[in-house]
Amino acid sequence: MTTALDAMIAAQPAALEALADPEPTAKPAALLDPATRIWLVGTGTSQHAAELGAAALLDAGRDARWIPATGFTDRLLRPGDAVVVITHTGQTAYARRARQIALRAGAPLVTIAGPEAGAGVARPDAGGDGTGDLVAGAAARTPVAEEWAEAIRTPVAEASETYTVSYTAALAVLAQLAHHLGAPGYGPEAIRATAGRVRAVLEFPGLAGVPIPGRAMAITGPGAWSVTAREGALKIREGARILCEGFDPERLLHGAAVPYTSADSLLVLQPGADPDGLTAAVAEAARREGIHVTTLAEPPSELPDLLTQIPMTVRLQLLALRFARMRGQNADVAITGAWADPSLWRLGTP
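Quick notes on the rules
- Residues numbered from 1 in each chain as written.
- Predicted model: local features only at pLDDT ≥ 70, side-chain atom pairs only at ≥ 80, totals over all residues.
- Heavy atoms only, no water.
- Axes fitted to C-alpha atoms, helices over the stretch in contact; angles between N-to-C directions.
- Helix = DSSP H or I, 4+ residues; strand = E, 2+ residues; numbered from the N terminus.
- Parallel < 35°, antiparallel > 145°, perpendicular 65-115°, else oblique.
- Left-handed = near helix turned anticlockwise from the far one by under 90°.
- Contact = heavy atoms within 4.5 Å.
- Nonpolar A, V, L, I, M, F, W, Y, C, P; charged D, E, K, R; others polar.
- Pairing = 2+ DSSP bridges.
- Salt bridge = Lys/Arg side-chain N within 4 Å of Asp/Glu carboxyl O.
- Buried < 20%, exposed > 50% of the residue type's maximum accessible area, 1.4 Å probe, protein only.
- Phe/Tyr/Trp six-rings, centres within 6.5 Å; stacked < 30°, edge-to-face > 60°.
- Lys NZ or Arg CZ within 6 Å of the ring centre and 35° of its normal.

A.B. asks: If you had to explain the packing of helix α1 (residues 3-10) against helix α11 (residues 305-327) to someone new, which residues and values would you point to?
C.D. replies: Remark: α1 packs on α11, axes separated minimally by 11 Å, with the N-to-C direction vectors making an angle of 165°. As judged from the angle between their axes, α1 and α11 are roughly antiparallel. In this structure, α1 crosses over α11, and the sense of that crossing is left-handed. Residue-level contacts link Leu5, Asp6 and Ile9 of α1 to Val314, Gln317, Leu318, Leu321 and Arg325 of α11. The residue inventory of the contact of α1 with α11, partitioned by class, reads 5 nonpolar, 1 polar and 2 charged.

A.B. asks: Give me the lowdown on the sheet that holds strand β9 (residues 292-296), citing residues and values where you can.
C.D. replies: The strand order across the open sheet built from 4 strands is β7-β6-β8-β9, with neighbouring strands paired in parallel fashion. Looking along the sheet, the strands with just one partner apiece sit at the ends: β7 (243-247) and β9. Each neighbouring strand pair of the sheet contributes to a mean axis angle of 20°, computed without reference to strand direction. As judged from the 5 bridges shared by strand β6 (residues 216-220) and β7, these two strands associate in the parallel manner.

A.B. asks: Which residues make up the pattern of salt bridges, and what values do they have?
C.D. replies: On inspection of all chains with the given rule, the structure shows 14 salt bridges. For the salt bridge of Lys235 with Glu238, the shortest nitrogen-to-oxygen distance reads 3.3 Å. Taken as a pair, Lys235 and Glu238 lie in helix α8 (residues 224-240) at a separation of 3 residues, close to a single helical turn. Pair check on accessibility: Lys235 and Glu238 agree, each one buried.

A.B. asks: Any details on the packing of aromatic side chains? Residues and values, ideally.
C.D. replies: Per the stated rule, a full pass over the model turns up 1 aromatic pair. Considering the side-chain rings of Trp39 and Phe72, the 6.3 Å spacing of their centres and the 65° angle between planes classify their relative orientation as edge-to-face. Of this pair, Trp39 sits in strand β1 (residues 37-42) while Phe72 sits in the loop between β2 (64-68) and β3 (81-86), and the two are 33 residues apart along the sequence. Taken as a pair, Trp39 and Phe72 share a single burial class, namely buried. Here Arg99 stacks its cationic end above the ring of Trp148, 4.6 Å away from the centre of that ring.

Next comes the structure, spelled out in structure tokens:
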């Protein structure tokens, strides 16, 4: 079980290196350049990418704002706005609707999508290895339908429902867009350095001290690390079917921590990045409550926040895979039963 997730996690260094080529993102960045405001739109994992992407575009001095795809309406658009829609498959109903809203408004539009979006390409068999042709190159290497002609293509089609490589690839694309728009520290060399760090994580994840929780797990981190906390919690929920939630430390303190007991665990990300020390203080409070606390931290780096999140994200993906195997869960099939009812997934379709 979970062989596809394993392969997808392992595919990430090569996918990142393929996306270090700045050429496929140059024209989309030029489309965004005149915008007075840029909306970044996504659902679930893609929303996490939108959050980090908006922060990266702020580093470029742009007015960039993220929003869940369900909340994006034509009432938000004004002259001068541009839109970035992030979707792994191009099939998510509200992402498709957001794209149509931008097109109808005539707003400059960039989409970030996997190689199969709009092409009618079947997803790979989740039970197979699928590693032979995982990385085909960066954007626009796969024949695609004209409907998604504007998309920046990430190079790997997900073979597991616990999405991994499409997320980190989308972050690499957003880093390139930020680079073209003038943000310092992004661009090809930084993405290659990130790929190297991910290879090191795959070899030595440093997760031996993270126990599987008896009941539930919380993950917290300051600033951008809180986005990674939520993304990691989502992977653990999907892959291992463990109750896991991600928080920024302030939200954890202001009520969210109340139900946690000694049957639970807290995973703390990069507490040293918190200038106020709140993350470390919340961790100490959890210890005093008898909650098992573990810390994960990335080594010092010159990489900007968006790219520094990628190796930590991969560590959390590996943790989800480890927990799934410990619990005998198939992480390649995340959505089942009534949650998989097609009528639910069609709601919001344009």
